[in-house]
Amino acid sequence: MEGLLLHSTNMKEQNYNNHRKFYPPHHFIFLPLLILLEIFGIYKIGNDSDHQLIWILFSIVIFLLFYLALMTRQHYALGLQNRMVILEFKQRYFEIFNKRSDEVAEQLRFDQIAALRFAYDDEFKELLYKALHENISGNEIKRSIKNWRADRLRI
């Protein structure tokens, strides 16, 4: 856990264009392999009439594995992460304004709350006001940030 909290000094500065994160074994090995196996299975359905039923079942199983891999990973990781982002917003709001944030948080959409975490306190106040009164989107909030506050722990 301690290693997660340390930031490398040679890491590239985070901004709007590079803030998304990938998990290489999942995104660039496991999922592409499943896609290739699915393509192969569909190809074999049309080209191996003696074993067509086996290739149909193979393709169905590979598709289900692909679907489950995507949905399970997304569901658990993002659900937990979203809860943490909301809690972080509430804590930060309390630290800045010395007031509970329940009423304010209920007026915001999640995309707005998530985007605000990239702003330092001075911009946070301004962008929070715009989110509440002008209903700007999370993407507009991110694009408006002049001094990007990196989130290197995003899953």
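Coordinates for the structure precede this section.
Residues numbered from 1 in each chain as written. Predicted model: local features only at pLDDT ≥ 70, side-chain atom pairs only at ≥ 80, totals over all residues. Heavy atoms only, no water.

As for the packing of aromatic side chains
Let me state the cut-off plainly: Aromatic pairs are defined between Phe, Tyr and Trp rings, using the six-membered ring for Trp, whenever the two ring centres lie within 6.5 Å; interplanar angles under 30 degrees are classed as stacked, those over 60 as edge-to-face, and all others as tilted. To qualify as a helix, a DSSP run of H or I must reach at least 4 residues; to qualify as a strand, a run of E must reach at least 2; elements of each kind are numbered from the N terminus. Note on classification: 1.4 Å probe, protein chains only; a residue is buried when its accessible area is under 20% of the maximum for its type, exposed when over 50%, partly exposed between these limits.
With the rule as written, the count across this model stands at 7 aromatic pairs. Between the aromatic rings of Phe89 and Phe124, the centroid separation amounts to 5.9 Å while the plane-to-plane angle is 45°, which identifies the pairing as tilted. Of this pair, Phe89 sits in helix α3 (residues 52-97) while Phe124 sits in helix α6 (residues 121-133), and the two are 35 residues apart along the sequence. By the burial criterion, Phe89 is buried, and Phe124 matches it. For the pair Tyr93 and Phe97, a centre-to-centre distance of 4.6 Å together with 40° between the ring planes defines the contact as tilted. Linking Tyr93 with Phe97, this pair stays in helix α3, spanning 4 residues, or about one helical turn. Three or more aromatic residues link up through ring pairs in this structure, and these residues are Phe89, Tyr93, Phe97 and Phe124.

Focus on the side chain of Ser101
Relative to the assigned elements, Ser101 resides in the loop between α3 and α4 (102-107). Of the residues examined, Ser101 reaches a relative accessible area of 4% and is grouped as buried.

Regarding unusual backbone geometry
Non-glycine residue Asn98 carries a positive phi angle of around 55°. Inspection of the secondary structure puts Asn98 in the loop between α3 and α4. You can call Asn98 exposed: its relative accessible area is 59%. You will see that Asn135, though not glycine, has its phi angle at about 55°, which is positive.

Notes on the pattern of salt bridges
Cut-off, in case you're wondering: When a carboxyl oxygen of Asp or Glu is within 4 Å of a side-chain nitrogen of Lys or Arg, the pair counts as a salt bridge.
As enumerated under the stated definition, the model contains 6 salt bridges in all. Lys90 serves as the salt-bridge partner of Asp102, at 3.4 Å between the closest nitrogen and oxygen. One end of the pair, Asp102, is in helix α4; the other, Lys90, is in helix α3, with 12 residues separating them in the sequence. Across the pair Glu126 and Lys130 runs a salt bridge, and its minimum N-O distance is 3.9 Å. In this pair, Glu126 and Lys130 are both assigned in helix α6, 4 residues apart and thus about one turn of the helix distant. When its relative accessible area of 38% is taken as the criterion, Glu126 is described as partly exposed. Overall, Lys130 belongs to the partly exposed group, its relative accessible area being 27%. Here the salt bridges share partners, and the residues they tie into one network are Lys90, Arg100 and Asp102.

None of this, on its own, says anything about what the molecule does.
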